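Per-entry structural report
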Amino acid sequence: MIYNLNVNGPGLFATNGGILQNIRVFSGTVHADGQQYAGGVCGINNGTIVAAVNSAQVTGSAATAGGIAGQNGTAGIIVASLNTGNIPSGTQVGGICGDNLNTNAAAITSCVNTGMLYAGKTGKLCGQRIEPRFQVALDGRYRAVFRGTVRSRRRQLAPKCIYSPLRPPQGP
């Protein structure tokens with residue numbers, strides 16, 4: 001468990017190429033000024049992230065920011081992870097990842113975002129490239145359960161997602 005994280009860079013880890021499991025960041029800030037990708041857990045995920053929790057805020061001028069990973073690469077997988085941290089800036093922002101390059105059906109599975117997102121291109125779960133099928137992905141700002149494709153005013157949010165108004169408690 002990590003409390004009061006204070007990182008100047010792309011995240012707790014710059015790049016993940018292995019397995020990150022049971023990472024818990026309960027408070028703090030990732031200062032991502034000048035970073036291309038930034039996330040509460042890692043800037044770029046080319047491996048597997050399982051059961052991660054991020055409550056740290058991701059701030060600064062990162063082009064692409066996510067609560068768990070800035071970019072989920074072509075081989076990246078994010079499973080059973082939660083973001084409650086806010087992301088107040090960025091060019092494209094998502095609660096789980098800012099950009100998702102993995103088009104496999106199980107690229108992002110059983111993830112929840114309740115953090116507040118503010119950016120030019122904002123996706124509740126993923127900021128850009130929502131091609132894969134999210135499985136049981138929840139976002140705390142929607143009241144209905146949707147079957148099929150969920151769309152925002154600007155673009156597709158996430159195919160085959162379930163959204164819920166329930167918000168888990170903040171912090172530990």
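The shown structure was predicted, so the numbers you read here are calculated from the model rather than taken from an experiment.

Structural notes on the overall build of the chain
Of the regular secondary structure elements, the chain holds 0 helices and 22 strands. Considering the chain as a whole, with its 172 residues, one finds that 51% of them fall into the buried category. The long-range fraction of contacts in the chain, counting pairs at least 24 apart against all pairs at least 6 apart in sequence, stands at 75%. Summed over all atoms, the accessible surface of the chain reaches about 7500 Å², with 51% contributed by carbon and sulfur.

Details of the sheet that holds strand E1 (residues 5-8)
The strand order across the open sheet formed by 3 strands is E1-E5-E10, and the pairing between neighbours is parallel. The open sheet has two edge strands, E1 and strand E10 (57-59), and neither has a second partner. Neighbour to neighbour, the strand axes of the sheet diverge by 15° on average, direction disregarded. With 3 bridges joining them, strand E5 (residues 28-31) and E10 adopt parallel strand pairing. Paired with Thr-29 across the strands is Gln-57, a residue of E10.

A closer look at the pairing of E5
For E1 and E5, the ladder comprises 4 bridges, and the chain directions are parallel. For Asn-6, the partnering residue across the bridge sits in E5 and is Thr-29.

Thoughts on unusual backbone geometry
A positive phi angle, close to 50°, is found at Ala-80, a residue other than glycine. Of note, Ala-80 is situated in the loop between strand E13 (77-79) and strand E14 (82-83).

Some remarks on the sheet that holds strand E8 (residues 48-50)
The 4 strands lie next to each other as E3-E8-E13-E17, forming an open sheet whose pairing is parallel. Of all strands in the sheet, those with a lone pairing partner are strand E3 (19-21) and strand E17 (108-109), marking the two edges. Pairing of E13 with E17 involves 2 bridges; the strand directions are parallel. Residue pairing in the sheet places Val-79 in a bridge with Thr-109 of E17.

So, the confidence of the model for the chain
On average, residues of the chain carry a pLDDT of 78, and 72% of them reach 70 or more. Confidence drops under a pLDDT of 50 for residues 131-136, and excluding neighbours within four residues, the segment shows 27 contacts in the predicted structure. Scored below 50 in pLDDT, residues 140-172 shows 84 contacts in the model against residues more than four places distant or in partner chains.

A few points about the environment of Ala-119
In this fold, Ala-119 is placed in the loop between strand E18 (112-113) and strand E19 (121-123). Other than its neighbours up to four places away in sequence, Ala-119 contacts Gly-90, Thr-91 and Val-93.

Here is what the cut-offs are and how they apply
- Residues numbered from 1 in each chain as written.
- Predicted model: local features only at pLDDT ≥ 70, side-chain atom pairs only at ≥ 80, totals over all residues.
- Heavy atoms only, no water.
- Helix = DSSP H or I, 4+ residues; strand = E, 2+ residues; numbered from the N terminus.
- Buried < 20%, exposed > 50% of the residue type's maximum accessible area, 1.4 Å probe, protein only.
- Contact = heavy atoms within 4.5 Å.
- Areas by Shrake-Rupley, 256 points an atom, 1.4 Å probe, with all protein chains shown as cover.
- Pairing = 2+ DSSP bridges.
- Axes fitted to C-alpha atoms, helices over the stretch in contact; angles between N-to-C directions.
- pLDDT = per-residue confidence, 0-100.

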